[in-house]
Each structure stands twice: as C-alpha cells, then as structure tokens.
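# Coordinate analysis (summary)
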Amino acid sequence: SKSVLTITMNPSVDISYPLEHLNINTVNRVKDVSKTAGGKGLNVTRVLKQLNVPVTASGIIGGTIGQYITNQLDENDIDHAFMKINQESRNCIAILHDNGDQTEILEAGPVLNSDDENDFLDHFGAQVSGFDLVTISGSLPQGLSAGIYSKMIGVAARHNVPVILDSSNVALRLALESDIKPFMIKPNQDEIAQLIGQKITDLDDLKDKLATEEIFKGIPWVVVSLGSQGAFVKYQQSFFKVNIPKIHAINPVGSGDSTVAGLAAGLVKDEKPEDVMKRAMTVGILNTLQEKTGNIDISQYKDYFEKVDIVKY
Ligand code: ATP
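Residues numbered from 1 in each chain as written. Predicted model: local features only at pLDDT ≥ 70, side-chain atom pairs only at ≥ 80, totals over all residues. Heavy atoms only, no water.

### Examining a negative patch on the surface
Note the following rule: What goes into a patch is any residue over 30% in relative accessible area without a salt bridge, connected to like charges within 9 Å or, for nonpolar side chains (Val, Leu, Ile, Met, Phe, Trp, Tyr), within 5 Å. Surface exposure here means Shrake-Rupley accessible area, sampled with a 1.4 Å probe, where a residue is shielded only by the protein chains that are shown. A carboxyl oxygen of Asp or Glu within 4 Å of a side-chain nitrogen of Lys or Arg is what we treat as a salt bridge. When charges are counted, Lys and Arg contribute as positive and Asp and Glu as negative, whereas His and the chain ends are disregarded. Where a charge lies is defined by one atom per residue type: Lys uses NZ, Arg uses CZ, Asp uses CG and Glu uses CD. For the purposes of this entry, the term helix denotes a DSSP run of H or I that reaches at least four residues, the term strand denotes a run of E that reaches at least two, and both are numbered from the N terminus. We call a residue buried when its accessible area falls under 20% of the maximum for its residue type, exposed when it is over 50%, and partly exposed in between, using a 1.4 Å probe and counting protein chains only.
A surface patch of like charges, here negative, comprises Asp-74, Glu-75, Asp-77 and Asp-79. Secondary-structure assignment places Asp-79 in strand β5 (residues 79-80). Take Asp-79: its relative accessible area is 49%, and that puts it in the partly exposed class.

### A word on the packing of helix α3 (residues 114-127) against helix α4 (residues 148-158)
Convention followed: Comment: axis = line fitted to C-alpha atoms, over the contacting stretch for helices; angle = value between 0 and 180 degrees taken between N-to-C directions. An angle below 35 degrees is treated as roughly parallel, one above 145 as roughly antiparallel, one from 65 to 115 as roughly perpendicular, and anything else as oblique. Crossing handedness is defined as follows: a turn of the near helix away from the far one that is anticlockwise and smaller than a right angle gives a left-handed crossing, while the clockwise case is right-handed. Residues are treated as being in contact if the distance between any of their heavy atoms lies within 4.5 Å. Think of it as three bins: nonpolar holds Ala, Val, Leu, Ile, Met, Phe, Trp, Tyr, Cys and Pro, charged holds Asp, Glu, Lys and Arg, and polar takes everything else, Gly as well.
Where α3 meets α4, the axes come as close as 10 Å, and the angle between the chain directions of the two elements is 30°. When the interaxial angle is binned, α3 and α4 end up roughly parallel. Regarding α3 and α4, the two cross each other, and that crossing is right-handed. Residues Glu-117, Phe-120, Leu-121, Phe-124 and Gly-125 of α3 lie in contact with α4, whose contacting residues are Ile-148, Lys-151, Met-152, Val-155 and Ala-156. Here the contact of α3 with α4 is built from residues that sort into seven nonpolar, one polar and two charged.

### Quick look at the sheet that holds strand β8 (residues 101-106)
Counted only if it meets this: The criterion for strand pairing is that DSSP finds at least two bridges linking the strands in question.
Spatially, four strands are ordered β3-β2-β7-β8 in an open sheet, and the strand pairing comes out mixed. Where the open sheet ends on each side, the last strands, each with one partner, are β3 (34-38) and β8. Each strand axis lies, on average, 20° off the axis of its neighbour in the sheet, ignoring direction. For strand β2 (residues 12-19) and β3, the ladder comprises five bridges, and the chain directions are antiparallel. Paired with Asp-14 across the bridge in β3 is Thr-36. Relative to the sheet, helix α2 (residues 63-75) contacts β2, β3 and β7 (90-97), its axis offset from that of β3 by approximately 85°.

### Structural notes on the pattern of salt bridges
Pairing between side chains becomes possible if they bear opposite charge and their charged atoms approach one another. Throughout the structure, instances matching the rule amount to 10 salt bridges. Two residues, Asp-166 and Lys-40, come together in a salt bridge whose shortest N-O distance is 3.7 Å. Remark: Lys-40 occurs in helix α1 (residues 40-50) and Asp-166 occurs in strand β10 (residues 163-166); sequence separation between them is 126 residues. Given a relative accessible area of 35%, Lys-40 falls into the partly exposed group. Residue Glu-117 pairs with Lys-151 through a salt bridge whose shortest N-O separation is 3.1 Å.

### Points about α3
Here is the rule: The span one expects for a helix is its residue count, reduced by one, times 1.5 Å.
Helix length check: α3 (14 residues) gives 20 Å between terminal C-alpha atoms against 20 Å at 1.5 Å per residue, within 8%. Where the residues of α3 are buried, they touch β1 (4-8), β4 (55-62), β6 (83-85), β9 (133-137) and α4.

### Notes on the site of the ligand
We count it as follows: Whether a residue is near a molecule or strand depends on its heavy atoms: if one lies within 4 Å, it is near. Identification of polar contacts relies on pairs of N or O atoms within 3.5 Å, with a donor-acceptor requirement for protein atoms, meaning one able to donate a hydrogen and the other able to accept it, and with residues adjacent in sequence counted only if both atoms are side-chain atoms.
Neighbouring the ligand are 21 residues; Asn-188, Ser-225, Gly-227, Gly-230 and Gly-256 lie closest to it. Between the ligand and Met-281 there is a distance of 3.5 Å, counted from an oxygen atom to a backbone nitrogen or oxygen. Bound to the protein, the ligand loses 81% of the 630 Å² it would expose on its own. Counting only elements with at least two residues in the shell around the ligand, the list comes to α8 (255-268) and α9 (273-288). Looking at the shell around the ligand, its residues break down into eight nonpolar, 11 polar and two charged.

### Topic: the confidence of the model for the chain
The condition that has to hold: A residue's pLDDT is the predictor's confidence in that residue, given on a scale from 0 to 100.
Looking at the chain as a whole, the pLDDT averages 96, with 100% of positions reaching at least 70. Interface confidence in the predicted complex, given as ipTM, is 0.97; pTM for the same model is 0.96.

### Section: helix α6 (residues 189-196)
Since the α-helix turns once every 3.6 residues, residues separated by three or four places project in the same direction. Let me state the cut-off plainly: The directions from the helix axis to the C-beta atoms are what the arc is built from.
Here α6 has its buried residues at Glu-191, Ile-192, Leu-195 and Ile-196. Considered in projection along α6, the buried side chains sweep an arc of 120° and stay on one side of the axis. The elements touched by buried residues of α6 are β10, α5 (169-177), α7 (203-212) and β12 (221-225). The opening residue of α6, the one whose side-chain oxygen lies 3.2 Å from the backbone nitrogen of Asp-190, is Asn-188. A positive backbone phi angle near 65° is found at Gly-197, which sits one or two residues after α6.

Here's what the structure looks like:
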C-alpha cells in the first residue's frame, strides 16, 4: 500500500516537568519526568502509524539527543531515515506548575549552514521517490534558508510526489510564491491572516480571501483548521465548511499535526475529497481527547467520524 515520508527538520526531545509550585532562584526537584520524541513532524508520524499508514520519518538529527529520538521511534516500530549531523538535536522543556501554568524553555537547536542544506536536499532527493506523499511540518533550524521547503517541494515534484506543507511565516510564503506549489497546506486562521497581512472577519471573508488572493492560486487544497469550529476548505474551485461535534477537549496541543496525519492518510488511501476532510477532522478531535500530544485512540474513530458534517459553502 501507499506510504508517506514525514519531514521534521528540527526535532526535539520534549521534556515535561510537573511541579506543584515553581520556585524561582532555588532548587526544584521533580519526580514524574516524561521525555518524548517531539517536533510537529514526529506528531504527524506517530498518528499516521496509529492510522496504520506505512510511514517513514526523515529530517535532520544529531548527537545523543538524536539517538534518544531514534530509539523511541524504534520502540514504537516506526521507520526512520534522518540525515545525521555532528551537532546535538534539541531539548524542549515544559514545566507544568501551579494549577495549570505552563512555563516553556525551548532550545533553538543546531546551527546549520549551506553545506548542510545541500546535503539535506541530496538526502531528501535520494529518498523521496520511494514514497507516495510527503508531509513537511514545523519551523527550520537556524542557518538553513527559508526557501528550503520550496526547494524540497520542487525536488518532490520532479519525482511526481505531492507535498502537504504545514509551516508558517517566510518558509510558507516562499513555498506558496514559488512556481512549483505544495499540493496541500493546512494553515490555521492566524497563519492565513499573517500570510495575507489582513484580519479575517468571518467565513464569507475567508472564502473571499481564499478565492481571490494571488498567494493561494494553484494550490489544490487549502485546509484552514478552526480549532473547535472545525475547518474551512478550499478544494480546487470549491469551498466547504466542515462542522464537528462539541466535545470536551483534554489536550488540544498537536491537533493540527494530527489533522495533517488524517489528511495524508485520506490522500494515500485515495479517498474522495469529502472523506479526506472528514477523516482529518476526526483525527484532530481524537487527539484533543488524549492527554498525550500527537496520539489518538483509534477505537473511537467511527463514533466521531459519523458526527462530522460537510456543508458546501
Ligand atoms: P496546534 O498548533 O495545536 O497543533 P492548530 O492551530 O494547527 O493546532 P487547530 O485548528 O487548533 O490546529 O486544530 C486542528 C483540528 O483539531 C480542528 O480542525 C479540529 O478538528 C480539532 N480540534 C482542535 N481543537 C478542538 C476542540 N477544542 N474541540 C474539538 N476539536 C478540536
């Protein structure tokens, strides 16, 4: 069956430190530490695996932290084919304290250069033809040019492999402005507003902007995720509002990544567009119902899938 290559350019080990109270300028001792392979692309990877879609994780990784990440993927029986570098991948620390506060300390990660960029483009070029779809998620490590995603989309296109791009800022803009477009993007409302430099007032306005703004021309799928409000989708020249049931979200972090996994799964299973949308929303919802980021309970799939409703807009 068809397989997906996921790209995480700056993966991390995400460390969570639960503390009753965070004491400043003194020692805090923590017992229940959890350390998981993180980065948006790795969330996509885990969820694709849970959806039973053949998937391989790629990107750039290094050092003992990189080794920790690949060990975790091995434990989860997830294939990986990262380019290795001689620098350490990063740790990202979230301190959960004082009844719901979350203080984060995020390392920037390795600093790369144009040789690394060319090496990675070669690495990607050598692997991409073995897959039916690529997902690219998240931001770039320091030192790589913001145009690298655009270049990767070009490389994939030469092998006829479509790309789902879930990024923001300049990297997203450059990819959309390039002659060779991503097959699909999954911005949220903030990212859309940032792209066009204008506020979005309502769905009519969103539809109007997606239909007329130059930057969205030539992109077959634009899936604008709207959190608890579902999604608004431009598919070729048609528009859809995807309505989702009201639920009690436990932890919405990683829902966007889970949505990307659902979209990718629908595409490689050659589902019809409406089913791709429904699957994506269902997977996003299932992620919000779990404590763990980028994780779903597939046994609840059918219940929620049936409650997702698509309206032509
Ligand atoms: P993140 O950056 O946290 O991954 P995002 O902004 O990219 O999120 P969202 O639009 O928040 O993505 O969420 C993606 C999808 O997940 C939504 O379209 C929806 O299907 C589901 N979802 C997210 N939050 C909720 C919620 N509170 N209730 C129900 N579904 C939700």
